[in-house]
Amino acid sequence: MNIPFHRPNIPKNLDKINTDSIKSGWLTTGSQVLKFEKKLSNYLLYKHVVALSSCTAGLHLALVAKEFNKGDKFLAPALTFVSTIECGEYLGMSPVLIDCKKDGFLIDLNFIEDKIKRDTNIKAIIPMHYGGELNDMENIISIAEKYGLFVLEDAAHAVENSFNNKKEEYLNHAVAFSFYANKNITSAGEGGALATSNKKLAQKIKKLSLHGITKDGWNRYKKFGKWEYDITELGFKYNMTDVSASFALWQWQFLKKWQSSRKDIVKRYSKGLKDVEGIILPNIDQKHAMHLYVIRLNLELWQISRNDFIDKLNKKGIGLAVHYKPIHHLSFYKKMYKLKNDDYPRANELFNSIVSLPIYPLLTDKEVDYIIDCIKELFVKYSI
Ligand SMILES: Cc1ncc(COP(=O)(O)O)c(C=O)c1O
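Owing to the predicted nature of the structure, the values given are computational and were not obtained by experimental measurement. (Residues numbered from 1 in each chain as written. Predicted model: local features only at pLDDT ≥ 70, side-chain atom pairs only at ≥ 80, totals over all residues. Heavy atoms only, no water.)

Things to note about the environment of Lys-207
Considering the arrangement of structural elements, one finds Lys-207 in helix H7 (residues 199–208). Residue Lys-207 is classed as partly exposed on the basis of its relative accessible area of 26%. Separated by 142 residues in the primary sequence, Lys-207 and Ala-65 have C-alpha atoms spaced 9.7 Å apart. Residue contacts for Lys-207: discarding those within four places in its chain leaves Gly-212, Ile-213, Thr-232 and Glu-233. (Helix = DSSP H or I, 4+ residues; strand = E, 2+ residues; numbered from the N terminus. Buried < 20%, exposed > 50% of the residue type's maximum accessible area, 1.4 Å probe, protein only. Contact = heavy atoms within 4.5 Å.)

Have a look at this one:
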């Protein structure tokens, strides 16, 4: 068998994504982006949504819009994708990394208040909803409120469920989503969005996403639009295109159906692997977006390492991943902030033992069963 780590859903008939705007020759930000933003806004329950070229762009723009500067710091997970950290680095901000909570993938909230009290340069918290598991935002926002910190959620994995966390009254807050190729919903490979209840922040982000221009192309060139524009601040080129939005709008109709398919896969893995002693299964509840299915190897029971485990399953035709190599293991950040391995024991322990299994709607029951059987076989052969 050949089972890739991910297979995207693409319409059989590509005409499905060739919308009127594209057929009429409008390819970049226009009516489809506006339609997609509206869909997101209704679903996410945030009044303001700005569609962007990536989640990384969203994280970056939110910090720029807040006018953070060199020397400002932010709290962020040690176990995350680099985007959660590099977005601050672009502005000269530096991360204060938080280790994972005991027996879990999310940041340990017991550490954060103490760090904030000890360092007045900490201006923001960037929690990440690992694999689709939600952080306790009620708690995070109440701490942020107490110290006047900006909260920026990295919800790259949590487009389905992030609204469960919403706290309408906190305006010093934004949420970034990813529509990258292997995310639950993709806008044809690259894309993202930023949601917030704060109108001013959203307007600023929208403007910054397109050079700081006073009038975007859609408004300048659509029927009888006037060409005149001005640039009022230093902006970026982070807008989403209509081609991307059309693809995302096609995918969006299947959001719930695909989530339900992933839920069935979670059930099948959990049932099939529950008696394998060498595997620790993830705790996935009903509120989980089920973007990742991450097992942990109980290394004391295996003769082989996590990397050997992956190599052996790769040889059986199974694509696997590791989410993530912690930030303090990445040479650039390790060197830049003199990060020490020993400061993040839980992230290290997870990193040595985690394996992400394939989970996507196009994965068949037969393929899931094959993956389960291969893991069982491996444990019989290599258990201590
Ligand atoms: C946790 C997390 N944050 C941010 C990103 C960045 O998303 P994008 O590729 O849309 O910038 C990713 C992408 O994989 C991610 O996994």
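Some thoughts on the domain arrangement of the chain
As assigned here, the chain comprises domain 1 (14–252) and domain 2 (255–382). For domain 1 versus domain 2, the separation of C-alpha centres amounts to 27 Å. Contact residues are listed per partner, giving 41 residues for domain 1 and 32 residues for domain 2. Of the roughly 3000 Å² buried at the junction of domain 1 and domain 2 (both faces included), carbon and sulfur atoms supply 63%. When the buried surface of domain 1 facing domain 2 is broken down by residue, Leu-97, Asp-99 and Phe-105 rank first, second and third, together holding 17% of it. If you look at where domain 1 meets domain 2, you find two salt bridges. Across the salt bridge formed by Arg-262 and Glu-160, the nearest N and O atoms sit 2.9 Å from each other. At the surface where domain 1 touches domain 2, the tally comes to 17 residue pairs in polar contact (both at pLDDT 80 or more). Listing elements by their share of the side of domain 1 that touches domain 2, those giving two or more residues are helix H4 (83–89), strand S3 (94–98) and helix H9 (242–252). (Domains from an automatic or database assignment. Buried area = accessible area lost by both parts, 1.4 Å probe. Salt bridge = Lys/Arg side-chain N within 4 Å of Asp/Glu carboxyl O. Polar contact = N/O pair within 3.5 Å; in protein donor to acceptor, adjacent residues only side chain to side chain.)

Some remarks on the side chain of Asn-198
Mapping Asn-198 onto the fold places it in the loop between strand S7 (192–196) and H7. Here Leu-171 takes part through its backbone oxygen, which lies 3.0 Å from a polar atom of the side chain of Asn-198. Here Asn-198 is in contact with His-48 and Leu-171, once residues within four sequence places are set aside.

Let's talk about the packing of aromatic side chains
Throughout the structure, instances matching the rule amount to 17 aromatic pairs. Taking 6.1 Å as the distance between ring centres and 45° as the angle between the ring planes, the aromatic pair formed by Phe-68 and Phe-150 counts as tilted. Here the residue Phe-68 occupies a position in the loop between helix H3 (55–65) and strand S2 (73–77), and Phe-150 occupies one in strand S5 (residues 150–154), the gap between them amounting to 82 residues. A relative accessible area of 11% places Phe-68 in the buried class. For Phe-150, a relative accessible area of 1% translates into the label buried. Considering the side-chain rings of Phe-254 and Trp-258, the 5.1 Å spacing of their centres and the 20° angle between planes classify their relative orientation as stacked. Given a relative accessible area of 6%, Trp-258 falls into the buried group. One aromatic cluster is present, formed by Phe-36, Tyr-43, Phe-163, Phe-179 and Trp-252 through successive ring pairs. (Phe/Tyr/Trp six-rings, centres within 6.5 Å; stacked < 30°, edge-to-face > 60°.)

Considerations on the site of the ligand
The environment of the ligand is formed by 14 residues, the closest being Thr-56, Asp-154, Ser-178, Lys-183 and Tyr-324. His-157 places a polar side-chain atom, nitrogen or oxygen, 2.9 Å from an oxygen atom of the ligand. The fraction of the free accessible surface of the ligand (390 Å²) that becomes covered by protein chains is 92%. Of the residues in the shell around the ligand, the class split is six nonpolar, six polar and two charged. (Near = heavy atom within 4 Å. Areas by Shrake-Rupley, 256 points an atom, 1.4 Å probe, with all protein chains shown as cover. Nonpolar A, V, L, I, M, F, W, Y, C, P; charged D, E, K, R; others polar.)

Let's talk about a nonpolar patch on the surface
Together, Trp-227, Tyr-229 and Ile-231 line one region of the surface with nonpolar side chains, adding up to about 350 Å² of accessible area. Along the polypeptide, Ile-231 turns up in the loop between helix H8 (217–221) and H9. Taking the relative accessible area as the measure of exposure, Ile-231 reaches 41% and is therefore partly exposed. (Patch = residues over 30% accessible without salt bridge, like charges linked within 9 Å, V, L, I, M, F, W, Y side chains within 5 Å.)

Things to note about the sheet that holds strand S1 (residues 48–52)
The pairing of strands in a sheet happens through backbone hydrogen bonds and is either parallel or antiparallel. The seven strands lie next to each other as S1-S7-S6-S5-S4-S2-S3, forming an open sheet whose pairing is mixed. Edge strands, defined here as strands with exactly one partner in the open sheet, are S1 and S3. Averaged over all neighbouring strand pairs, the angle between strand axes comes to 25°, with direction disregarded. As defined by bridge partners, S2 adjoins S3 across five bridges and the pair is classed as parallel. By the bridge assignment for S3, Phe-74 is matched with Pro-95. Against the sheet, helix H6 (residues 137–147) engages strand S4 (122–125), S5 and strand S6 (173–178), with an angle of about 155° to S5. Those strands touched by H7 are S1, S5, S6 and S7, and its axis lies near 20° from that of S1. (Pairing = 2+ DSSP bridges. Axes fitted to C-alpha atoms, helices over the stretch in contact; angles between N-to-C directions.)

Examining the side chain of Lys-183
Within the secondary structure, Lys-183 sits in the loop between S6 and S7. If we skip the residues at most four places from it in the chain, Lys-183 touches His-6, Ala-156, His-157, Ser-178 and His-291.

A look at the sheet that holds strand S9 (residues 293–297)
Within the open sheet, the three strands sit side by side as S8-S9-S10. Their pairing is antiparallel. Only two strands of the sheet have a single partner each, and these edge strands are strand S8 (279–280) and strand S10 (354–357). Relative to S9, S8 is paired through two bridges, and the arrangement is antiparallel. Paired with Ile-280 across the two strands is Arg-296, which belongs to S9.

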